[in-house]
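A look at the structure
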Amino acid sequence: MHGPIPPERYFPYLTWTDIEAMAHRDEVVIVQPMGAIEQHGPHLPLVVDSAICTTVLGQALAQLDPAVPVYSLPPLYYGKSNEHWHFPGTITLSAETLLRVIHDVAESLYRAGFRKLVLLNAHGGQPQVLEIAARDLHQVHGDFMVFPLFVWAVPNCAGDLLTPKELELGIHAGDAETSLMLSMLPDQVRQDKAQAEFPQDLPTDSWLTMEGALPFAWTTRDLSTSGVLGDPTVATAAKGEQLLQSLAQGWVRALEDIYRFRQPQATPAGGQRDGLEGERV
Ligand SMILES: [Zn+2]
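A brief report on the enclosed structure follows. Small disclaimer: the values here were computed from a predicted structure and weren't measured.

Side note on the overall build of the protein chain
- Along its length, the protein chain carries 9 helices and 4 strands.
- Listed by position from the N terminus, the elements making up the protein chain come as α-β-α-β-α-β-α-β-α-α-α-α-α.
- Taken over C-alpha atoms, the radius of gyration comes to 20 Å for the protein chain, in line with the 19 Å a tight globule of 281 residues would show.
- Expressed as lengths along the three principal axes of its C-alpha atoms, the size of the protein chain is roughly 60 × 45 × 35 Å.
- Residues counted as buried form 40% of the 281 residues belonging to the protein chain.
- The contacts in the protein chain between residues at least 6 apart in sequence include a share of 77% that link residues at least 24 apart.

Let's talk about the environment of Trp251
- With respect to the element layout, Trp251 can be found in helix α9 (residues 237–260).
- Along the chain, Trp251 and Pro155 lie 96 residues apart, while their C-alpha atoms are 9.1 Å from each other.
- If we skip the residues at most four places from it in the chain, Trp251 touches Val56, Leu57, Ala60 and Val154.

Looking at the packing of helix α2 (residues 48–63) against α9
- Interhelical geometry of α2 versus α9 gives an angle of 60° and a closest axis separation of 8 Å. Of the possible angle classes, the one that applies to α2 and α9 is oblique. In terms of crossing hand, the pair formed by α2 and α9 is right-handed. In this structure, α2 contributes Thr55, Val56, Leu57, Gln59, Ala60 and Gln63 to the contact, and α9 contributes Leu244, Leu247, Ala248, Trp251, Val252 and Leu255.
- A per-class count over the contact of α2 with α9 returns 9 nonpolar, 3 polar and no charged.

Side note on unusual backbone geometry
- Positioned with a positive phi, Ala173 is a non-glycine residue whose angle comes to about 65°.
- Along the chain, Ala173 falls in the loop between α6 (164–169) and α7 (175–184).
- The exposure class of Ala173 is buried, given the 30 C-beta atoms found within 10 Å.
- The backbone of Asp201 sits at a positive phi, close to 65°, despite the residue not being glycine.
- As for its position among the elements, Asp201 is in the loop between α7 and α8 (220–223).

Side note on the sheet that holds strand β1 (residues 29–34)
- Read across the sheet, 4 strands follow the order β2-β1-β3-β4 without closing on themselves; strand pairing throughout is parallel. Looking at the sheet topology across the chains shown, the edges are occupied by β2 (70–72) and β4 (145–150). On average, each strand axis in the sheet is tilted by 20° relative to the strand beside it, whichever way the strands run.
- One ladder, built from 6 bridges, connects β1 with strand β3 (residues 116–121); its direction is parallel. For Ile30, the partnering residue across the bridge sits in β3 and is Leu117.
- Running over the sheet, α9 touches β1, β2, β3 and β4 and is turned about 135° from β1.

Brief notes about the pairing of β4
- In this structure, β3 lies alongside β4, joined through 6 bridges in parallel fashion. Across the sheet, Val118 pairs through a bridge with Phe147, a residue of β4.
- Where the polypeptide runs from β3 across helix α4 (residues 127–140) and back to β4, its parallel neighbour, the crossover connection is right-handed.

Focus: the pairing of β3
- β3 sits mainly inside the fold: 6 of its 6 residues count as buried.
- With burial as the criterion, each face of β3 is covered, one bearing Lys116, Val118 and Leu120 and the other bearing Leu117, Leu119 and Asn121.

Conventions we followed
- Residues numbered from 1 in each chain as written.
- Predicted model: local features only at pLDDT ≥ 70, side-chain atom pairs only at ≥ 80, totals over all residues.
- Helix = DSSP H or I, 4+ residues; strand = E, 2+ residues; numbered from the N terminus.
- Rg over C-alpha atoms; globule rule 2.2 N^0.38 Å.
- Buried ≥ 20, exposed ≤ 12 C-beta atoms within 10 Å, placed from the backbone.
- Contact = placed C-beta atoms within 7 Å.
- Axes fitted to C-alpha atoms, helices over the stretch in contact; angles between N-to-C directions.
- Parallel < 35°, antiparallel > 145°, perpendicular 65-115°, else oblique.
- Left-handed = near helix turned anticlockwise from the far one by under 90°.
- Nonpolar A, V, L, I, M, F, W, Y, C, P; charged D, E, K, R; others polar.
- Pairing = 2+ DSSP bridges.
- Right-handed = clockwise from strand over helix to strand, strands pointing away.

See the structure below:
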């Protein structure tokens, strides 16, 4: 059941008595891998984002110092994927449903004594939902440290491997995701069906962009007929293996930082923090 996650790091393999006996549960890091079941062009399966976050996390956990307590929850395969909903096979949760799922999982962990939760997401369509969930959980529980994180956000070698055009516009089912899939799940890639398609009809002579500081709302069908945004024809398993290793190394470092992290607690100059906002329950 654990897939790429090392079994000794797989939360569902614990018993309730293991958890009750766990010392310093407040310092244990729990990771929720989050992906999507959504179209990734004619050449890649629906599972890409879920496969990427789980495999990168599994590789990172395998390299992590065994003294750093981190456990992975089962991956949340479904995400908010409504930008892809014109393409059959895409399964989407609404933002409201995803918020509720994160909230209920997080509250269950908090009740069990855990105080550090990482939402490790590989799907570009839902960081905003994770950020809202993380802020709301921390506002309710001042001692709950919640991290809404994107798997691609750690320093990695994509800049050395991908063309500038791909780095800017290849956001879906392009070189990076296809190379990773060729290294992780080669039997599920139909490379003979791979076709390049870059976003079409973008504004010219305008500050408005697909992503970035001044974005406009879009669904994938507005930009692409194949569902691909990027060039998967140049993908290779060797590039994918390099990407996977550099992402995993980045997450080893990030997980160590999260283990050492303490929530900032501002105090007045020379004084003690008063009890205005109540107990940190
Ligand atoms: Zn994807």
